[in-house]
Amino acid sequence: MLRRVSPLSKLISAAKPSLLNQVACGLNFLEAFSTDALKPAEAGTTSKPRTPTINFVLGGPGVGKGTQCTRIAETFGFTHLSVGDLLRKEISSDTEYGTMILETITKGKIVASEVTVKLLKAAIESSDTDRFLIDGFPRSEENRVAYEQIIGIEPEVVLFFDCNEEEMVKRILHRNQGRVDDNLDTTKERLKVFEAYTLPVIRYYSQKGKLHKINAIGTEDEIFERVRPIFAT
Ligand SMILES: Nc1ncnc2c1ncn2[C@@H]1O[C@H](COP(=O)(O)OP(=O)(O)OP(=O)(O)O)[C@@H](O)[C@H]1O
Ligand SMILES: O=c1ccn([C@@H]2O[C@H](COP(=O)(O)O)[C@@H](O)[C@H]2O)c(=O)[nH]1
Ligand SMILES: [Mg+2]
């Protein structure tokens, strides 16, 4: 069912001025696209509520988000949704967004929320499961606001894998998976984008008491043991 959304003015009042243009550009899209499909049923309605559990996994480029998500998903029964993978699938499927996504990823920039939230929503809705690890999203405050407007499920846990830049660059340059963004120039840009746009999201969830900061230096096993207690309870 289509639903009109309330004005964004309240939501963006706390956002940095540099983000306001991006948020404003998303307004028409938000009004047109918002649905109640993933929201809990209102009191008095007969339909069964469907409120998936959402956890966000954030961290700089190459820090090991995907590696740890695989382990967490296997151990604790989550569905791992990498938004980067959803975007790469769009490129290889040659969809209407493919060329724009390829250009954006190659430059190390952030794809418009219109596209990422739409892909994410479709992936959640088409899944048989209801416990998700969302890897690499939201990447900016604009992404976060769009997510809240369109999907609107509060994350239970937000993981932040933290590591120095030198180690992240080293991991990317050794990744060897043929990604178009696995080169030094794009990685430098991604690090700038992470600092300017993703750190504010991390600060937001820290202030809400949802953030779990994980030291991402060490072996994959050591890092996973730091994560385990968060989901083991
Ligand atoms: N603890 C670790 N120590 C050394 N290398 C690691 C560690 N964890 C992951 N790696 C390796 O680092 C590379 C990047 O890991 P991964 O793809 O999981 O990172 P990511 O955070 O998902 O990166 P991106 O943001 O670019 O998608 C991979 O080659 C992976 O095998
Ligand atoms: O929410 C997102 C997620 C990803 N991107 C773009 O994709 C690349 C690669 O993402 P990974 O999560 O590292 O696989 C990223 O640099 C962005 O260009 C995005 O725009 N929005
Ligand atoms: Mg990844």
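Here the structure is shown first, and the text comes after it.
It should be emphasised that the depicted structure is a prediction, and the values quoted were computed from it without experimental measurement.

In this section: the site of ligand 1. Not every one of the 16 residues close to ligand 1 is listed here, only the nearest: G64, K65, T67, R175 and G218. Interatomic distance of 2.5 Å between a side-chain N/O atom of T67 and an oxygen atom of ligand 1. Between ligand 1 and the protein, one listed contact pairs an oxygen atom with a side-chain N or O atom of R179 at 3.0 Å. Bound to the protein, ligand 1 loses 79% of the 630 Å² it would expose on its own.

Right, let's get into the packing of aromatic side chains. Under the defined criterion, the tally for this structure stands at eight aromatic pairs. Seen in terms of ring centroids, F76 and F231 are 5.9 Å apart; in terms of plane orientation they differ by 40°. Their pairing is tilted. Of this pair, F76 sits in helix 4 (residues 65–76) while F231 sits in helix 11 (residues 220–232), and the two are 155 residues apart along the sequence. As far as burial versus exposure is concerned, F76 and F231 are alike and both buried. Ring geometry for F160 and F194: centres 6.4 Å apart, planes at 35°, overall tilted. Here F160 is found in strand 4 (residues 157–162), whereas its partner F194 is found in helix 10 (residues 184–207), with 34 residues between them in sequence. Comparing F160 with F194 shows no difference in burial state: the two are buried. A network of ring pairs unites the aromatic residues F56, F137, Y147, Y204 and Y205 as a single cluster. The residue whose ring lies beneath R131 is F78, and the NZ or CZ to ring-centre distance is 4.2 Å. Geometry around Y204 places R144 over its ring, the cationic atom sitting 3.4 Å from the centre.

Here we come to helix 8 (residues 141–150). For helix 8, the tally of buried residues reaches nine of ten residues, placing the bulk of the element in the interior. Of the residues flanking the end of helix 8, it is G152, one or two places downstream, whose phi is positive at about 70°.

With respect to topology, five strands assemble into an open sheet ordered 2-3-1-4-5, the strand pairing being parallel. Both outer strands of the open sheet, strand 2 (79–82) and strand 5 (211–215), are each paired with one neighbouring strand and no more. The average undirected angle you get between the axes of adjacent strands in this sheet is 20°. Across five bridges, the pairing between strand 4 and strand 5 is parallel. Counted as the bridge partner of D162 is N215 from strand 5. Taken strand by strand, helix 10 contacts strand 1 (53–59), strand 4 and strand 5, and its axis lies near 135° from that of strand 1.

Glancing now at the site of ligand 2. Inspection of the region around ligand 2 gives 15 residues, with R88, K109, V111, R139 and R190 positioned closest. In the model, an oxygen atom of ligand 2 is placed 3.3 Å from a nitrogen or oxygen of the G136 main chain. Taking R139, its side chain carries an N or O atom lying 3.0 Å from an oxygen atom of ligand 2. Its free accessible area being 450 Å², ligand 2 has 96% of it covered by the protein chains.

Another aspect to go through is the packing of helix 7 (residues 113–125) against helix 8. Between helix 7 and helix 8, the least distance of the axes is 10 Å, while the angle of their chain directions is 45°. With respect to each other, helix 7 and helix 8 are oriented oblique. Seen from above, helix 7 lies across helix 8 with right-handed handedness. Only E142, N143, A146, Y147 and I150 of helix 8 make contact with helix 7, whose side of the interface consists of S113, T116, V117, L120 and K121. Each residue belonging to the contact of helix 7 with helix 8 can be placed in one class, and the counts come to five nonpolar, three polar and two charged.

Here helix 11 is 13 residues long and its end C-alpha atoms lie 18 Å apart, about the 18 Å a rise of 1.5 Å per residue gives. The largest bend along helix 11 reaches roughly 30° and is located at R226, with the proline P229 sitting one to four residues downstream. Those residues of helix 11 not exposed but buried are I223, F224, V227, I230 and F231. Those residues of helix 11 hidden inside the fold are in contact with strand 1, helix 4, strand 3 (131–135), strand 4 and strand 5.

Once that is clear, we can look at the pattern of salt bridges. Across all of its chains, the model carries 15 salt bridges by this definition. The partner of E148 in a salt bridge is R144, and the shortest N-O contact between them spans 2.8 Å. Taken together, the positions of E148 and R144, both in helix 8 and four residues apart, correspond to about one turn of that helix. Overall, the relative accessible area of 5% leaves R144 in the buried class. Where E167 meets R171, a salt bridge forms, and the shortest distance between an N and an O atom there is 2.8 Å. Of the two residues, E167 and R171 are both situated in helix 9 (residues 165–173); the distance of four residues between them amounts to about one turn of the helix. Classification of R171 as partly exposed rests on a relative accessible area of 22%. Ionic contacts of the salt-bridge type, sharing partners, join the residues E141, R144 and E148 into one network.

What counts, and at which threshold
Residues numbered from 1 in each chain as written. Chains lettered and ligands numbered in written order. Predicted model: local features only at pLDDT ≥ 70, side-chain atom pairs only at ≥ 80, totals over all residues. Heavy atoms only, no water. Near = heavy atom within 4 Å. Polar contact = N/O pair within 3.5 Å; in protein donor to acceptor, adjacent residues only side chain to side chain. Areas by Shrake-Rupley, 256 points an atom, 1.4 Å probe, with all protein chains shown as cover. Phe/Tyr/Trp six-rings, centres within 6.5 Å; stacked < 30°, edge-to-face > 60°. Helix = DSSP H or I, 4+ residues; strand = E, 2+ residues; numbered from the N terminus. Buried < 20%, exposed > 50% of the residue type's maximum accessible area, 1.4 Å probe, protein only. Lys NZ or Arg CZ within 6 Å of the ring centre and 35° of its normal. Pairing = 2+ DSSP bridges. Axes fitted to C-alpha atoms, helices over the stretch in contact; angles between N-to-C directions. Contact = heavy atoms within 4.5 Å. Parallel < 35°, antiparallel > 145°, perpendicular 65-115°, else oblique. Left-handed = near helix turned anticlockwise from the far one by under 90°. Nonpolar A, V, L, I, M, F, W, Y, C, P; charged D, E, K, R; others polar. Expected span 1.5 Å × (residues − 1). Bend = angle between axes of the 7 residues up to and from the residue. Salt bridge = Lys/Arg side-chain N within 4 Å of Asp/Glu carboxyl O.

Take it as geometry only, folks, not as evidence of what the structure does.
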